[in-house]
Amino acid sequence: MSDSLDAELCVADCKRCPALVDSRSRIVNGTGPVDADLVFVGEAPGANEDEQGEPFVGRSGTVLDDALRDAGLARRDVRITNCVRCRPPENRDPTTEELSNCRGYLAEELRRLDPELVVTLGKVPSEHLLDRSVAVTSEAGDVFDARVGDTTHRLLVCVHPAATLYDRSQEETFQETIRQAAALAGVGPAGDGGDGQSRLGDY
Ligand code: URA
């Protein structure tokens, strides 16, 4: 059942964005359990992700893995996906048109998974899903309702893990937001308080 949903959510081919068709080696689909309570949404695959076919496997992925571990979670406990599934040339930001072309895939993924919490990693996914400008550093840790396609999701803004590599002062903010995500989604030691119940209603 979950294997088949995972397969249904997998985009096998897409030619909507000519520049990305040229720059990608493969389409990088979301990974992780389809019954995950926590879904992380990044911007777009980089070189490592394009090579390995999995989101957040480069240096940013290591930062994310470390923060998950610090929050009592592992990568296998969460779903990780991106706004755009193909690597943009020279790692530029995806264009508005590319984000829009890929939005349906993400909307469907979120609708079918219906997680407790969506965590946006960085400015691009935060602005894309909230449909407004976001000052990520000051809004990190803030929770909003986001309408994506036909469904509304609880969304937590988080800085991008790569930000911690360029600005060490972002490290604590990032780790704290991941701990907060676990608590909000009711997963990991911080989240379930021993009774396995979601704490989302407490916030
Ligand atoms: N940065 C992203 O936003 N997504 C990835 O998959 C990797 C790095």
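Scroll up to find the structure this text is about.
Model, not experiment: these values are computed from the prediction. (Residues numbered from 1 in each chain as written. Predicted model: local features only at pLDDT ≥ 70, side-chain atom pairs only at ≥ 80, totals over all residues. Heavy atoms only, no water.)

1. Quick look at the pairing of strand 3 (residues 117–121)
- Judged by how many residues are buried, strand 3 sits mostly within the fold: five of five residues are covered.
- Side chains Leu-117, Val-119 and Leu-121 project from strand 3 onto one buried face, and the interleaved Val-118 and Thr-120 project onto a second face that is buried too.
- As judged from the four bridges shared by strand 1 (residues 38–42) and strand 3, these two strands associate in the parallel manner. Within the sheet, the bridge partner assigned to Val-41 lies in strand 3 and is Thr-120.
- Pairing of strand 3 with strand 5 (residues 151–158) involves four bridges; the strand directions are parallel. Note on strand 5: the bridge partner recorded for Leu-121 is Cys-158. (Buried < 20%, exposed > 50% of the residue type's maximum accessible area, 1.4 Å probe, protein only. Helix = DSSP H or I, 4+ residues; strand = E, 2+ residues; numbered from the N terminus. Pairing = 2+ DSSP bridges.)

2. With respect to the nonpolar core
- Membership of the largest hydrophobic core comes to 56 residues, with the highest contact counts inside it found for Leu-38, Phe-40, Leu-64, Val-119, Phe-174 and Ile-178.
- Considering each element in turn, this core owes the most residues, seven residues, to helix 5 (residues 96–113).
- With sequence-adjacent residues up to four places away left out, Val-119 is seen in contact with Leu-38, Val-39, Phe-40, Val-41, Leu-156, Cys-158 and Ala-181. (Core = buried A, V, L, I, M, F, W, Y, C linked by side-chain atoms within 4.5 Å. Contact = heavy atoms within 4.5 Å.)

3. Observations concerning the site of the ligand
- For the ligand, the full set of nearby residues is Gly-42, Glu-43, Ala-44, Glu-49, Pro-55, Phe-56, Asn-82 and His-160.
- The separation between a nitrogen atom of the ligand and a polar main-chain atom of Ala-44 is 3.0 Å.
- A distance of 3.1 Å is found between an oxygen atom of the ligand and a backbone nitrogen or oxygen belonging to Phe-56.
- For the ligand, whose accessible area on its own is 240 Å², the fraction buried by protein is 91%.
- Residues that form the shell around the ligand fall into these classes: three nonpolar, three polar and two charged. (Near = heavy atom within 4 Å. Polar contact = N/O pair within 3.5 Å; in protein donor to acceptor, adjacent residues only side chain to side chain. Areas by Shrake-Rupley, 256 points an atom, 1.4 Å probe, with all protein chains shown as cover. Nonpolar A, V, L, I, M, F, W, Y, C, P; charged D, E, K, R; others polar.)

Taken by themselves, the reported measurements are silent on function.
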